[in-house]
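Here's the letter readout for the chains.
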Amino acid sequence: MAGAVGLSLAVVLGLADLARAADATPPTADAAVPAAEPDAAASPDAPAPSEMAGPPGSVEAEEAPGVVTVPLPPAEAKPVRRRWVDEVVVTALREEAEAFAAPYLVTTVDLDSFSQRRLYRTLPEALREEPGVMVQKTGHGQGSPYLRGFTGFRTLLLVDGVRVNNSVFRDGPNEYWALVDPYVLDRLEVVRGPSSVLFGSDAIGGTVNAITRRREQYGPGVDWDRTVFYRVSSAECSNVLRVETSGNVGEQFGWLAGGSLKDYGDLHAGGGTGRQERTAYEECGGDVKLEYFPSRDEAITFAHYALVQDGAWRTHTTVYGESWEGTTVGNELRRVLDHEHTLTYARYRRENLGGPIDAIDITLSHQYLSEEQYRIKADLTRDKQGFDVNTYGVGVQLESGSPIGYWTYGVEWYHDEVDSFLRKYRADGSLGSVSIQGPVADDASYDLLGAYVQDRIPLHEQLDVILGARFTYARADAHSVQSPTTGERISITEDWCNVVSSARFSWFLDPEEHWNVFGGVSQGFRAPNLSDLTRFDTARSNEIETPSPDVEPEKYISYEIGAKVAYDRFAVAAAYYFTDIRDMIVRAPTGAIINGDREVTKRNAGDGYVHGVECTAEYRLHPEWTVFGSFAWVYGEVDTYPTSDPVTRREPLTRLAPPTTQLGLRWDHPEERFWAEALWTIACDADNLSSGDKRDTQRIPRGGTPGYQTLDLRGGWRVNENLDLWAGIENVTNTNYRVHGSGLNAPGISFLMGAKWRF
């Protein structure tokens, strides 16, 4: 295995030597080239035209100042499609910027990957082929991405810039990222490393912004179209149906609305494991997005998204779990979860204000998250627990040009209102007791207020320096908490203040902007949330967390250096990062047993570090053939409590992703009617285990999770302008494997088909 990985890495990194042999001509324009500067407004300090300024596809949008539309070049001259080069992203700097120029390693997953090329099933699974991202799945209906060694409440999810993380998000993997329907998304923007200056608490391992789709074509009169999408997978025994409509009334009003129905059967793993019982579940969702453009410089958006997940089992804790490579099987008879998530927001955007403020963005949002878990234990006693969280958000962002750079600044406030419950039943089904709280405190609230400022300073036409700072105030009010020592009702009120800063740079080494060296220093910050302070619920296998009211904020400093290279036929990006960890909240066994589970509490004892390397590359061998690949390695250590003895020991970070290499080959028809792709994934053994990993015997085999190799084949056919067909074979070799830390094995050989019909 080590030899295969070394060979694969050599192939990926060896592509860098081809840069000098690649075409020396500047990259050919895909759709637009900058025109000569019409006036002083087109200075380097001015922002790129916002995607919200004017309806997309309208005459006004196409004739935006400084942009001249040109025809696509012929297939022979078309450059390789490079996600970290050709994409315009908004998440890295809170303003539009080329991914290649951003001082971060930024990648995107676009609409083609969601519903066409790769037929992804959930939002977390859409990240599984991104460099340096490991997607752990406790259950088939769940998924938690690891970015640079962190997951759970140490990674941040946004939808259209609105914060999805709330105060009940817990340590370790959680299922809440899977409650955003991937079929409403246009793209995911993945920004790696701490983003606390721009996005606040939780943005430690990385930030993912899920940007939703919108009406794309505007014109005179009334126009609308309909789309039906269908996906089927053999290993999941699944059927997914998506129906939507989009339209416009003139060039000022547009809409997109749809609904999704999903039925997933029991998941079939590879090798001898086969069908994994009680992994089936159902989902349904609905959405609407309305946009109104009073003028070419104004946009008003209203959006609502809802998803309901029914009957998603956490199988590994039950008797239906599968023993694999020596993992143990749980003894519960049932543990099933139901979820509901809704997001509603209204946004006003105005540009070209003509004064000291160039642009203003105001967003009001509301989210609702509901979780209900029903469990039957081995002795036939049972319990039902859950919570409801209402989150209200307000954000104001301003942008201003100045002689000393382009300023992005604003304030945002999120307020959670939390109710939770726990009811215990006897073996005969009669009610035994009603607890003071559920998984987290009942009758609780949580506030997160932040003010941020960022200045992008063009020190030279080839060098940008980006400086930023943020002030955060967090407050928790928990009125109904069960004391772990007395069992009585207590209340917890805590608040914290913090200031973080960052300094990053982006330096083009050559005037043609083929080489960009980037890097910097970024502070990260995570305030304790209600899960840290008040959680009274399952942690790992056979562990139960109890409230810890005395924890304090976590602090991080991340150092990063990287380079991006882009030629017409070749592109590569690579980065090394080192994150210093201070006061991380870690679990500490107390030695007590509660209802048969080991009690763990939490303390700010986790000092340590994590560092790693990420690399991705593409090379166009021929106008129709492209080879691509990536490599990621991460390792870290942190002080932990391996036993109930109050003495820390430095151990590997929990669930460290193994070194992973991906190599692929893609063919695109010159007229873009056909395409085909092969992807080979190589993951090494995940054997850097913490004490907690070793105790998690239901999910992690003794000695670690074995490495694996998989091969995926995919292809598509654009039959005509109204009909697209796709098919794929995943895990061609039917490898029986498990992503590290997961509660079930991955799909075995699977035949996927999809179709999209527009009418």
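Refer to the structure printed above.
As a starting point, this report considers the structure included with it.

Procedures and definitions
Residues numbered from 1 in each chain as written. Predicted model: local features only at pLDDT ≥ 70, side-chain atom pairs only at ≥ 80, totals over all residues. Heavy atoms only, no water. Helix = DSSP H or I, 4+ residues; strand = E, 2+ residues; numbered from the N terminus. Buried < 20%, exposed > 50% of the residue type's maximum accessible area, 1.4 Å probe, protein only. Contact = heavy atoms within 4.5 Å. Areas by Shrake-Rupley, 256 points an atom, 1.4 Å probe, with all protein chains shown as cover. Phe/Tyr/Trp six-rings, centres within 6.5 Å; stacked < 30°, edge-to-face > 60°. Lys NZ or Arg CZ within 6 Å of the ring centre and 35° of its normal. Pairing = 2+ DSSP bridges. Polar contact = N/O pair within 3.5 Å; in protein donor to acceptor, adjacent residues only side chain to side chain.

Concerning the overall build of the chain
- What the chain contains, in helices and strands, is seven helices and 39 strands.
- Among the 759 residues that make up the chain, the fraction classed as buried is 58%.
- Excluding contacts between residues fewer than 6 apart, the proportion of contacts in the chain whose partners are at least 24 apart in sequence is 68%.
- Of the roughly 28,200 Å² of accessible surface on the chain, 57% is carried by carbon and sulfur atoms.

With respect to the packing of aromatic side chains
- Here the structure, examined in full by the defined rule, presents 16 aromatic pairs.
- Taking the centre distance of 5.9 Å and the plane angle of 40° together, the rings of Phe100 and Phe508 count as tilted. In this pair, Phe100 is assigned in the loop between β4 (97–98) and β5 (106–110) and Phe508 in strand β26 (residues 489–508), connecting sequence segments 408 residues apart. For the pair Phe100 and Phe508, a shared accessibility class is recorded, and that class is buried.
- Here the aromatic residues Phe169, Tyr176 and Phe387 are joined through ring pairs into a cluster of three or more.
- One Lys or Arg, Arg278, reaches over the ring of Trp313 and ends 5.6 Å from the middle of that ring.

Comments concerning the pairing of strand β20 (residues 359–376)
- With 18 bridges joining them, strand β19 (residues 334–351) and β20 adopt antiparallel strand pairing. Bridge pairing in β20 links Glu340 to Ser370.
- Two strands pair when backbone bridges link them, and β20 and strand β21 (residues 382–402) are joined in this way by 18 bridges, in the antiparallel orientation. By the bridge assignment for β21, Ser370 is matched with Asp388.
- Hairpin connection between β20 and β21: a loop of five residues separates the two successive antiparallel strands, and Leu380 in this loop has a positive phi of roughly 75°.

Quick word on the sheet that holds strand β11 (residues 206–212)
- Strand order in the open sheet made by the five strands is β5-β10-β11-β8-β9, with mixed pairing throughout. Each edge of the sheet is formed by a strand with only one pairing partner; in this case those strands are β5 and β9 (162–163).
- Pairing geometry for strand β8 (residues 156–159) and β11, over four bridges, is parallel. Across the sheet, Leu157 pairs through a bridge with Val208, a residue of β11.

Details of the side chain of Glu412
- Position of Glu412 among the secondary structure elements: in strand β22 (residues 405–425).
- Side-chain polar atoms of Glu412 contact the side chain of Arg94, separated by 3.2 Å.
- If sequence neighbours within four positions are ignored, Glu412 has contacts with Arg94, Leu198, Phe199, Val394, Gly395, Leu448, Leu449, Gly450 and Arg470.

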